[in-house]
Amino acid sequence: METLSKGQRLLLDKQASTATLRAEAGADGIALDYACFGLDANGKLVSEAYMTFFNQPRSPCGGVTATTPHTFSFALARLPAQVDRLVITASIDGAGTLRQLRGGHLDLFDASGQLARFAFTGTDFADEKALMLGELYRKDGDWRFKAVGQGFNGGLDALVRHFGGEVAAPSSAPPPPSTINFEKRVAQQAPQLVSLVKSAGVSLAKVGLDRHRAKVCLVLDISGSMGSLYKSGQVQRFAERVLALGGTFDDDGEIDVFLFGRHVHQGEPMGLSNWSSYIKRIIERHPLEGDTRYGAAIEAVRRHYFPDAGGGARSAPHHADVPVYVMFVTDGTTSDQAMTERQLRWASHEPIFWQFMGIGKGKKSKNKKLAQFADSDFPFLEKLDDLDGRLIDNANYFSVASPDEHGDADLYDLLMGEYPAWLKLARGQGMLG
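Residues numbered from 1 in each chain as written. Predicted model: local features only at pLDDT ≥ 70, side-chain atom pairs only at ≥ 80, totals over all residues. Heavy atoms only, no water.

Asker: I keep staring at the nonpolar core and nothing clicks. Help me out?
Answerer: Nonpolar side chains in soluble globular proteins tend to end up buried together. Ranked by size, the top nonpolar core spans 55 residues in total, and within it L218, I279, Y325, M327, L415, M416 and Y419 carry the most contacts. Among the elements that line this core, the one with the most residues is helix α5 (residues 234-249), at 8 residues. When neighbours within four sequence positions are excluded, Y419 is seen to be in contact with L209, H212, A214, F249, P323, Y325 and F353. If you look at the next biggest cluster of nonpolar residues, it comprises 36 residues, including V64, A116, L133 and F145. (Core = buried A, V, L, I, M, F, W, Y, C linked by side-chain atoms within 4.5 Å. Buried < 20%, exposed > 50% of the residue type's maximum accessible area, 1.4 Å probe, protein only. Helix = DSSP H or I, 4+ residues; strand = E, 2+ residues; numbered from the N terminus. Contact = heavy atoms within 4.5 Å.)

Asker: Can you help me understand unusual backbone geometry in this one?
Answerer: Comment: phi is negative for the bulk of residues other than glycine, and the bulk of peptide bonds are trans. Backbone geometry at S277 places phi at a positive 60 degrees, although glycine is not the residue there. By secondary structure assignment, the location of S277 is in the loop between β16 (270-271) and α6 (278-285). Positive phi values are uncommon outside glycine, yet D291 reaches one of about 75 degrees. A relative accessible area of 26% means that D291 is categorised as partly exposed.

Asker: Which parts of the structure should I look at to understand the pattern of salt bridges?
Answerer: Pairing of side chains with opposite charge becomes possible as their charged atoms draw close. The full count for this structure, using the stated rule, is 18 salt bridges. Taking the shortest distance from any N to any O, the salt bridge between E135 and R85 comes out at 2.8 Å. Pair noted here: E135 is in strand β11 (residues 130-139) and R85 is in strand β8 (residues 85-91), with a separation of 50 residues, a long-range link. Residue classification places E135 among the buried residues on the basis of a relative accessible area of 9%. Using a relative accessible area of 21% as the deciding quantity, one classes R85 as partly exposed. Between D308 and R314 there is a salt bridge, with its nearest N and O atoms 2.9 Å apart. Connected through salt bridges with shared partners, the residues R302, D308, R314 and E350 form a single ionic network. (Salt bridge = Lys/Arg side-chain N within 4 Å of Asp/Glu carboxyl O.)

Shown next, in the form of structure tokens:
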């Protein structure tokens with residue numbers, strides 16, 4: 001193990017790019033919050049998603065993970081080429097300055113054990129409230145580590161600005177308690193869902209929607225071909241994940257549920273009091289049906305949330321206090337394509353976003369510029385994704401081989417693929433305040 005002084009550098013083993021490294025920080029005398037910033041060659045934050053900390057514990061590529069509030073693991077091979085440096089920082093949240101530190105350290109480990117330690121004390125600082133502890137950086141094709149120890153008077157906000165990130169303007173009102181209240185309710189009433197709520201919250205924070213309020217609706221295909229997915233419990237597990245998202249958006253702890261096949265059925269809301277075996281019970285009341293009719297389902301959902309139009313034509317923007325996020329799940333095409341297109345065009349004038357998910361073969365990426373599979377099971381959903389004649393783009397589509405294909409974090413990231421951009425468009429049209 002090497003003991004590093006401020007400014008000293010360490011050339012990492014050639015295997016570092018494929019191995020897992022770990023950095024552990026610690027301090028005595030005052031509590032510190034730790035974060036890791038992924039920077040480009042100009043020293044600027046690659047994106048807000050590359051600020052890794054306890055509330056956003058994983059970078060999009062999986063190259064940086066906050067395994068504890070003071071420990072980071074690094075899979076350097078997973079980092080995209082634009083990430084040139086990883087800077088580990090510490091900051092004080094509240095009163096106090098770094099001069100109050102009795103001592104602190106940053107330790108670096110690989111699979112063989114501890115590689116280095118950078119130690120510091122309060123005598124190294126004055127009234128600073130944040131500091132850059134150390135950084136991993138690329139040079140000449142190799143990864144290296146540098147002990148930095150540079151303080152910042154302005155705290156974490158100063159660090160974020162220094163790295164080119166944006167700091168939210170202060171608000172005179174306290175943050176809305178919805179998410180906190182929902183987490184507490186989940187912990188008390190449905191502790192099995194706690195991890196889902198936390199994962200949903202992380203994905204929302206990545207796109208700046210941790211304070212966002214919305215209604216959430218789950219629309220499920222009950223055509224006969226869906227039978228095995230219901231029997232295996234996959235639809236139940238997926239519904240639980242959507243419930244966690246809905247509760248994070250709105251702490252009433254419920255989501256609305258619609259079923260569609262030949263007919264459309266509205267079930268009782270799914271919530272913390274009835275989530276267990278909810279899908280089994282609703283399918284017993286509304287058995288699987290022949291046919292699949294997207295348009296009828298869209299009409300019923302529109303009529304529920306915006307009854308003034310009666311599910312019919314709308315040609316001017318309609319305002320509401322909060323938007324509606326619809327998770328629309330199907331495993332096949334629809335028999336009412338013309339009606340579906342009309343409904344989606346009319347719905348583009350309403351503050352309602354349609355996230356379609358096809359179960360089968362199809363376009364896997366949320367990136368519309370990527371090529372589609374030639375043998376896609378969902379050419380019509382792909383058409384809806386880019387449908388013409390709409391006021392704004394109000395829909396997104398991706399496909400999965402099964403509802404369980406993606407882990408929680410990846411699924412919630414997918415569900416937020418186009419929703420933030422739609423919110424801006426809807427506000428621009430006066431549909432939302």
